[in-house]
Amino acid sequence: MLNSSSPLTFSVFLLLILTTGCQTEAGYTVDRVSSPLIELGRHLFYERRLSLNNDRSCGICHEQAKGFTDGFVRAVGTTEAVHPRNTLTLLNVSGRRALSWVDPNLIGLERQILVPLLGSDPVEMGASELIDEMLDELNGDPRYQELLATLDSPALDIELLALSISAFVSTLGTYDAPYDRYLAGDSTAIGELAKRGERLFFSHRTSCSNCHGGVDFDQPTHDRHGWFNTGLYSIDGGLYPNSRQGLYELTGAPADIGRFRIPTLRHLALTGPYYHDGTGATLRDVLSHYNAGGRLITSGPYIGDGRLNPYKDHRIQPLDLTQPELDELESFLLTLTDVTTVHRSEWSDPWLRTD
Amino acid sequence: MMRLYKCIFLAILSLNFSACGDNATSHGDGDHNARPDDCIPDESLTLGDMAGQMSGEPPMGRPQLPVGPNDALAQAACTLLDTVPMELIAVSDLSSAGQVVVTPQPETAFSVRLPDSGIGYFTLEIPDWSVTISSSLTYQQSLMILDDNCDVEQTQRLSWNGACEESGLTEQRHLYHAWGSFTVRITGEATEPVRLSFIKLD
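Keep in mind the model is a prediction, meaning the values are calculated, not measured. (Residues numbered from 1 in each chain as written. Chains lettered and ligands numbered in written order. Predicted model: local features only at pLDDT ≥ 70, side-chain atom pairs only at ≥ 80, totals over all residues. Heavy atoms only, no water.)

**Focus on the overall build of chain A**
- Counting its regular elements, chain A contains 13 helices and six strands.
- Across the 355 residues that make up chain A, the buried fraction comes to 56%.
- Restricting the contact set of chain A to residue pairs at least 6 apart, pairs at least 24 apart contribute 66%.
- Accessible surface, chain A: about 15,200 Å² in total, of which carbon and sulfur atoms supply 54%. (Helix = DSSP H or I, 4+ residues; strand = E, 2+ residues; numbered from the N terminus. Buried < 20%, exposed > 50% of the residue type's maximum accessible area, 1.4 Å probe, protein only. Contact = heavy atoms within 4.5 Å. Areas by Shrake-Rupley, 256 points an atom, 1.4 Å probe, with all protein chains shown as cover.)

Structure, rendered in structure tokens:
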């Protein structure tokens, strides 16, 4: 039912990734699965002193209680400028090859982590000009000195910072949602409504799984790429709103207008609002859009019929699902969420601890 | 249920000028369909109408409202009356509010064009915790902050702006306990853009 992948093969893959040692430029070697490295990464993940105004951290904008998203329509960085896109969840992120909504070449967590930290378009944490001073400050903090001592590391540098945060982020996520337990043999883990929804999800009629395939429900099964125009907008002949043109922003190819990465469906009950720009307010809104074969916008600045977008993927067609069928599909999708992720202490903010 | 009661209490307390939405039965960890539409007031009422009800005066004419403080927030809103506003086009339905996003701007007023219905929506993103925002517009038009988590507390009820009372500008203030995206609902005349501002207390 999960196409070419399975939770087991994914787990083996993850283990192989994480058990590789890594030598830093400073010359010391760290074990990428070591608890000390992950613990250092957890502290840095929630470290506000790594932001320009001491008001952002990875964990502020990827909040555990919100499925490691921020709940915003579009993200807001430390300079309070509204970003062009919605914040992606970090849950189960280690299974993903490409990590951004737009850039297929931005791969590898260690590399990605430097983007919000040091990037300027848009400014997220805004640390680029001050990173050396920030690291000096953290190296002088007794708590970090203690953490670094457990790693036999002389000091925190940008490389170790990225490595440790990526080690921590790689631990986020589970494969223990109700649907996972159902697949493992617990027939009571999901209800009858969801079971009917599962059949719809994997049916030729909806073809949902053709794009949302794999263990994380984010891999297309018939294409090598995972970027699609789903007919959200059609402005002036098929454009998306300014600065949100998708893959086209990188390639300049008209065929790439409005093409954004397929997001995971795991944990989606926690990660709304949806779409690359957060304009899908609810899961039901999203399902209604797909049921119509695109989104018709009749008011506001972006009036247009996304169903008729010339760059829309040809597989996005009206589904003609009834309301009860939409209920079933929605019920199934909700079984992909593991709500325990919001409570796990090993992923929580260590700076809030009182013990 | 306590959250629902809290919302109702706050809505009554603020005479529906400020609202918190959603209810306890549909919200909680992982609620994917929280929709802040439980606190939408009677759509036939404009702010001027409601102000008239508050003061016991007929809805026509200038209603009697309290006069707010003449402080930095109020003065900033008055100053913005003389600036060229940024134009916004509101959407006609709540679920599409995310298509138009603004943040509080100390130096920018907004001119919001409403749909034919005279009711428009957009999103106000609050990038801070425990921050007070002053919302200003003329009294013929109404503004409501829809809040699906009841994170918004009205700290100043609808008042004439104390720094430029004669201008017809009203002001209300809200304390946003948590950061996030909030849906703003504006009611007015579709033919006349609504001029409003959101100013943050630093």
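**Comments concerning the interface of chain A and chain B**
- Across the contact, 35 residues belong to chain A and 28 residues belong to chain B.
- Between chain A and chain B, roughly 2,400 Å² of surface is buried when both sides are summed, and carbon and sulfur atoms account for 55% of that area.
- Among the residues chain A hides against chain B, the three largest losses belong to Phe72, Glu80 and Ser299 of chain A. Together they make up 22% of the total.
- Linking chain A with chain B are one salt bridge. (Buried area = accessible area lost by both parts, 1.4 Å probe. Salt bridge = Lys/Arg side-chain N within 4 Å of Asp/Glu carboxyl O.)

**Considerations on the side chain of Lys200 of chain B**
- Relative to the elements of secondary structure, Lys200 of chain B occurs in strand β10 (residues 194–200).
- Of the polar contacts made by the side chain of Lys200 of chain B, one reaches the side chain of Asp128 of chain B; its length is 3.0 Å. (Polar contact = N/O pair within 3.5 Å; in protein donor to acceptor, adjacent residues only side chain to side chain.)

**Overview of the pattern of salt bridges**
Residue and element names in this part refer to chain A.
- What the rule picks out here adds up to 26 salt bridges over all chains.
- Arg85 is the salt-bridge partner of Glu249, the closest N and O atoms lying 3.5 Å from each other. Of the two residues, Glu249 is situated in helix α11 (residues 248–251) and Arg85 in the loop between α3 (58–61) and α4 (109–118); the sequence distance between them amounts to 164 residues.
- Judged by relative accessible area, which is 35%, Glu249 ranks as partly exposed.
- Note that Arg244 and Asp277 form a salt bridge whose closest N and O atoms lie 3.5 Å from each other. In this pair, Arg244 sits in the loop between β3 (227–228) and α11 while Asp277 sits in the loop between β4 (260–261) and α12 (283–291), placing the two residues 33 residues apart along the sequence.

**Section: the pairing of strand β8 (residues 169–176) of chain B**
- The element β8 of chain B is extensively covered by neighbouring structure, given that eight of its eight residues are classed as buried.
- Every second residue of β8 of chain B is oriented toward a common face, with Leu169, Glu171, Arg173 and Leu175 of chain B on one face and Thr170, Gln172, His174 and Tyr176 of chain B on the other, all of them buried.

**Side note on the sheet that holds strand β1 (residues 86–89) of chain B**
Residues and elements named next belong to chain B.
- If you trace the six strands from one edge of the open sheet to the other, you get β1-β3-β10-β5-β8-β7, paired in mixed fashion. Each end of this open sheet is capped by a strand with a single partner; those strands are β1 and β7 (152–160). With direction set aside, neighbouring strand axes in the sheet form an average angle of 25°.
- In this structure, β7 lies alongside β8, joined through six bridges in antiparallel fashion. Its bridge partner being in β8, Trp160 is matched across the sheet by Thr170.
- Across the sheet, helix α3 (residues 72–79) lies against β5 (131–138), β8 and β10, angled at about 130° from β8, the strand it touches most. (Pairing = 2+ DSSP bridges. Axes fitted to C-alpha atoms, helices over the stretch in contact; angles between N-to-C directions.)

**Section: the state of the cysteines**
Residue and element names in this part refer to chain A.
- Per the counting criterion, the structure on display carries one disulfide over all chains.
- A disulfide-free cysteine, Cys61 has its sulfur positioned 8.7 Å from the sulfur of Cys58, the nearest such atom.
- Cys208 forms no disulfide, and the closest cysteine sulfur to it belongs to Cys211, at a distance of 9.0 Å.
- With a relative accessible area of 17%, Cys208 lands in the buried category. (Disulfide = S-S within 2.5 Å.)

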